[in-house]
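Structural overview
Below are the chains, spelled out letter by letter.
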Amino acid sequence: MTASPAVAPPPAQHRERLLGAYFCMGVLFGIVLTKGELASWFRIQEALRFKGPYLYEVFASALAVAAPGFALLKRRARALTGEPIVVPPKVLGSGVRYVAGSVLFGLGWALIGACPGPMFALLGAGVGVMSVVWVAALGGTWVYGWLRPSLPH
Amino acid sequence: MVSFLLKPWPWYVTGPLVGLVAVALLAIGNKPFGVSANLRHICAATFPGRVEFFKYDWRSRGLWNLVFVAGVVAGGFLGGVLLANPDPAAITPQAQASLAALGIRDFTGLVPRQLFTWHVLLSVRGLLMMVGGGFLVGFGTSWAGGCTSGHGISGLADLQPASLIAVISFFAAGAAASVFLLPLLVPR
């Protein structure tokens, strides 16, 4: 996620490489979200109502792979593109944004039964009204950007 | 063989693959796995207005991620249409009972087909649920600087305290909203 410091000057003439690899990873993630039922409204409500362990098992096993993977990669100097591997720390600050922002996100997550990844996957899965949910999410993002100077972070 | 492909995956296949995607993005090009940043990139690319938050070079910072979510949409088609599970979601009997109390008894598909329809969208409750819910997801993830992927996977895997605060907050709010708020907005 792009954590704050708002506008960093872009590096001059940056040209992204290996875009095809990101697309393939996206396809894999989209299949995982649908076949793994992370994009399932039923699975999300099951977890949020503490009626089943599925989502928690998925999270725990994902972290069991990602945490050692991240630790290992941070010791290896470079990515395939040649860029050094750096995971930028999320600035804690007062912490207000992480509590208030996440509480609002959590409310929305329960109401539609989908977080941003599944929202994209469900578009592909042909759930038509998801396009309206999606436009509403863009609206929410835009209003946040507009109000940002007056919100605590 | 075909019926095997249509079956949903168990957690021990799904979870490690999610972790693998996050690790792969870092290994390929030092990219942070996180989906909600795309909402910002799309605003920046299409309708930045005079908002400072959207004034940055989205091509250099976000193009890879927009390509990634284009893949997610394609993957959603493969997994959710071509290889769609024909059976009801195998949620626990307790979850079934809990949702039946909301009037939801058809557990086939990825979302309840009685809920996510244009007809429901045009009702006051349906509008509040879908447009209100979507708005909160966009506003909240942007404010928090991440969602279930950016904080829940990337941030926690990197042992970031900010992400732990975020994850506890959105799970607590989500749990409360699923039990107390959702029943008010599900049309009956």
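Rules used throughout
- Residues numbered from 1 in each chain as written.
- Chains lettered and ligands numbered in written order.
- Predicted model: local features only at pLDDT ≥ 70, side-chain atom pairs only at ≥ 80, totals over all residues.
- Heavy atoms only, no water.
- Contact = heavy atoms within 4.5 Å.
- Buried area = accessible area lost by both parts, 1.4 Å probe.
- Salt bridge = Lys/Arg side-chain N within 4 Å of Asp/Glu carboxyl O.
- Domains from an automatic or database assignment.
- Helix = DSSP H or I, 4+ residues; strand = E, 2+ residues; numbered from the N terminus.
- Expected span 1.5 Å × (residues − 1).
- Phe/Tyr/Trp six-rings, centres within 6.5 Å; stacked < 30°, edge-to-face > 60°.
- Buried < 20%, exposed > 50% of the residue type's maximum accessible area, 1.4 Å probe, protein only.
- Axes fitted to C-alpha atoms, helices over the stretch in contact; angles between N-to-C directions.
- Parallel < 35°, antiparallel > 145°, perpendicular 65-115°, else oblique.
- Left-handed = near helix turned anticlockwise from the far one by under 90°.
- Nonpolar A, V, L, I, M, F, W, Y, C, P; charged D, E, K, R; others polar.
- Core = buried A, V, L, I, M, F, W, Y, C linked by side-chain atoms within 4.5 Å.
- Polar contact = N/O pair within 3.5 Å; in protein donor to acceptor, adjacent residues only side chain to side chain.

Right, let's talk about the interface of chain B and chain A for a bit. Counting from both sides, the interface comprises 137 residues of chain B and, opposite them, 118 residues of chain A. When the buried surface of chain B facing chain A is broken down by residue, B:Ile28, B:Leu110 and B:Trp143 rank first, second and third, together holding 8% of it. At the junction of chain B with chain A, the criterion picks out two salt bridges. Note that A:Glu16 and B:Lys31 form a salt bridge whose closest N and O atoms lie 3.2 Å from each other.

The subject of this paragraph is the domain arrangement of chain B. Residue and element names in this part refer to chain B. What the domain assignment reports for chain B is domain 1 (1–84) and domain 2 (115–188). Placing a centre on the C-alpha atoms of domain 1 and another on those of domain 2 gives a separation of 18 Å. With seven residues of domain 1 in contact, the opposing surface of domain 2 contributes eight residues. Taken together, both faces of the contact between domain 1 and domain 2 bury some 580 Å²; the carbon and sulfur share is 67%.

Here the focus is helix α7 (residues 124–144) of chain B. If you check α7(B), its first and last C-alpha atoms are 28 Å apart, about what 21 residues at 1.5 Å a residue would give, namely 30 Å. B:Gly145 sits one or two residues past α7(B) and shows a positive phi near 70°.

Note on aromatic pairs: each is described by the distance of the centres and the angle between the planes. A full pass over the atoms with the stated rule returns 24 aromatic pairs over all chains. Taking 5.1 Å as the distance between ring centres and 70° as the angle between the ring planes, the aromatic pair formed by A:Phe105 and B:Phe170 counts as edge-to-face. A residue pair is termed interchain when its members come from two chains, as with A:Phe105 in helix α4 (residues 96–112) and B:Phe170 in helix α9 (residues 161–185). The exposure class assigned to A:Phe105 is buried, which follows from its relative accessible area of 0%.

Once that is clear, we can look at helix α1 (residues 19–35) of chain A. Residues and elements named next belong to chain A. The terminal C-alpha atoms of α1 lie 24 Å apart, and with 17 residues this matches the ideal 24 Å at 1.5 Å per residue to within 8%. Of all the residues in α1, the buried ones are Tyr22, Met25, Gly26, Val27, Phe29, Gly30, Ile31, Val32, Leu33, Thr34 and Lys35. Phi for Glu37, located one or two positions after α1, is positive at around 60°.

A few words on the packing of helix α6 (residues 130–147) of chain A against α7(B). At their nearest, the axes of α6(A) and α7(B) sit 6 Å apart, and the two run at 40° to each other. Here α6(A) lies oblique to α7(B), going by the angle between them. When the axes of α6(A) and α7(B) are compared, the crossing they make is right-handed. Counted together, A:Val132, A:Val133, A:Ala136, A:Ala137, A:Gly139, A:Gly140, A:Thr141, A:Val143, A:Tyr144 and A:Leu147 of α6(A) and B:Met130, B:Val131, B:Gly134, B:Phe135, B:Gly138, B:Phe139, B:Ser142 and B:Trp143 of α7(B) form the full contact between these two elements.

The next thing to look at is the packing of α1(A) against helix α2 (residues 11–29) of chain B. Running from N to C, α1(A) and α2(B) point in directions that differ by 170°, and their axes come no closer than 10 Å. One way to sum up the angle between α1(A) and α2(B) is to call them roughly antiparallel. For the pair α1(A) and α2(B), the sense of crossing is left-handed. On the side of α1(A), the interface is formed by A:Ala21, A:Tyr22, A:Met25, A:Leu28, A:Phe29 and A:Val32, while α2(B) contributes B:Thr14, B:Leu17, B:Val18, B:Val21, B:Ala24, B:Leu25, B:Ile28 and B:Gly29. In terms of residue class, the contact of α1(A) with α2(B) is built from 12 nonpolar, two polar and no charged.

To continue, consider the environment of B:Gly133. Along the chain, B:Gly133 turns up in helix α7. Not counting the four nearest positions on each side in its chain, B:Gly133 is found in contact with A:Gly108, A:Leu111, A:Ile112 and B:Leu128.

Core analysis: the biggest nonpolar cluster contains 98 residues, and A:Phe29, A:Trp41, A:Trp109, A:Met119, B:Phe33, B:Phe68 and B:Phe116 have the highest contact counts within it. Counting contributing residues, this core receives three or more from each of domain 1 (1–84) and domain 2 (115–188) of chain B. For B:Phe68, the contacting residues outside a window of four places in its chain are A:Tyr22, A:Met25, A:Gly26, A:Phe29, B:Val21, B:Leu25 and B:Phe33.

What follows covers the side chain of B:Thr108. Along the chain, the position of B:Thr108 falls in the loop between α5 (93–100) and α6 (118–121). B:Thr108 gets classed as buried once you look at its relative accessible area, which sits at 18%. Among the polar contacts made by the side chain of B:Thr108, one reaches the side chain of B:Arg113 at a distance of 3.3 Å. What B:Thr108 contacts, discounting residues up to four positions off in sequence, is A:Phe42, B:Pro86, B:Asp87, B:Pro88 and B:Arg113.

A word on the side chain of B:Ser98. Summarising the element assignment, B:Ser98 is placed in helix α5. Apart from residues no more than four positions distant in its own chain, B:Ser98 is found in contact with A:Arg49 and A:Lys51.

One pass over the full model with this rule turns up five salt bridges over all chains. Note that A:Arg43 is salt-bridged to A:Glu37, the shortest N-O span being 2.9 Å. Across the pair, A:Glu37 and A:Arg43 agree in class, each one buried. With a shortest N-O distance of 2.6 Å, A:Lys74 and B:Asp158 are connected by a salt bridge. Note that A:Lys74 is positioned in helix α3 (residues 54–75) and B:Asp158 in the loop between α8 (150–157) and α9, a pairing that runs across two chains. Here B:Asp158 falls in the buried class, since its relative accessible area comes to 11%. Shared partners join several salt bridges into a network, and the residues in it are A:Glu37, A:Arg43 and A:Glu46.

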